[in-house]
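If you want the building blocks of each chain, they are given just below.
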Amino acid sequence: MKVEQIKELIELFDASTLSKMNLKEGDFELSLEKGGVVAAPVVMTTPAPAPVAAASAPAATESSTTSEQTSGGELITSPMVGTFYRAPSPDAPPFVEVGSIVKKGKPLCILEAMKIMNELEAEFDCKILEILATDGRPVEYDMPLFRVERI
């Protein structure tokens, strides 16, 4: 493919609404993807409100943690950003239910991050008092997933 043709393809791609394009012609292969420049302003606008939310969030977290501790429970939080799944597959039963007794090292849930399924294991023997995350929904780093009682 000639340089002029490549330049024309790039211009057409840039003007289009496509976000990704792959072209293969013989030994020649071209991959184009949009989003790097567009995503940056969105990320830059998000942190401005985040400190305000973060400033009020610790107060709410502290009060909820205090209430959790007074009711005898501890929080198990997410070690990463990802998607929370209660079961190993859609047709399988959940790893745990409210009232389940879980031994140290047994899986509590799956956290999917970048198409990798990560099992979150119990760090101690416990009883599940409450499941705080919703199946199939995104979770943030340090977000409470379970309220448990040590055994």
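Residues numbered from 1 in each chain as written. Predicted model: local features only at pLDDT ≥ 70, side-chain atom pairs only at ≥ 80, totals over all residues. Heavy atoms only, no water.

Caption draft 1: Focus on the sheet that holds strand S8 (residues 126–131). Sheet architecture is open: four strands sit in the order S3-S10-S8-S5, paired in antiparallel fashion. The two strands at the open ends of the sheet, each matched to only one other strand, are strand S3 (74–77) and strand S5 (101–102). When S8 meets strand S10 (residues 144–150), the two strands line up antiparallel, connected through five bridges. Looking at the pairing, Ile131 lines up with Phe146 of S10. (Pairing = 2+ DSSP bridges. Helix = DSSP H or I, 4+ residues; strand = E, 2+ residues; numbered from the N terminus.)

Caption draft 2: Broad picture of the nonpolar core. By size, the foremost hydrophobic cluster in this structure holds 18 residues, and its most contacted members are Phe84, Leu108, Ile128, Leu145 and Phe146. Contributions of two or more residues to this core are made by strand S6 (107–113), S8 and S10. Beyond its immediate chain neighbours, meaning those up to four positions away, Phe84 contacts Cys109, Ile110, Leu111, Ile131, Ala133, Thr134, Asp135, Gly136, Arg137, Val139, Leu145 and Phe146. (Core = buried A, V, L, I, M, F, W, Y, C linked by side-chain atoms within 4.5 Å. Buried < 20%, exposed > 50% of the residue type's maximum accessible area, 1.4 Å probe, protein only. Contact = heavy atoms within 4.5 Å.)

Caption draft 3: Looking closely at the pairing of strand S7 (residues 116–121). In this structure, S6 lies alongside S7, joined through six bridges in antiparallel fashion. Along S7, the bridge assignment pairs Ile110 with Glu119.

Caption draft 4: Here's a closer look at the packing of aromatic side chains. In the structure shown here, the tally under the stated rule is one aromatic pair. Both rings, one in Phe84 and one in Phe146, keep their centres 5.9 Å apart while their planes meet at 55°; by these two values the pair is tilted. You can see Phe84 sitting in strand S4 (residues 82–85) and its partner Phe146 sitting in strand S10, a full 62 residues away along the chain. Of the two residues examined, Phe84 and Phe146, each falls in the buried class. (Phe/Tyr/Trp six-rings, centres within 6.5 Å; stacked < 30°, edge-to-face > 60°.)

Caption draft 5: Structural detail: the sheet that holds S4. Sheet architecture is open: four strands sit in the order S7-S6-S4-S9, paired in antiparallel fashion. Either end of the sheet is taken by a strand with one partner, and the two such strands are S7 and strand S9 (138–139).

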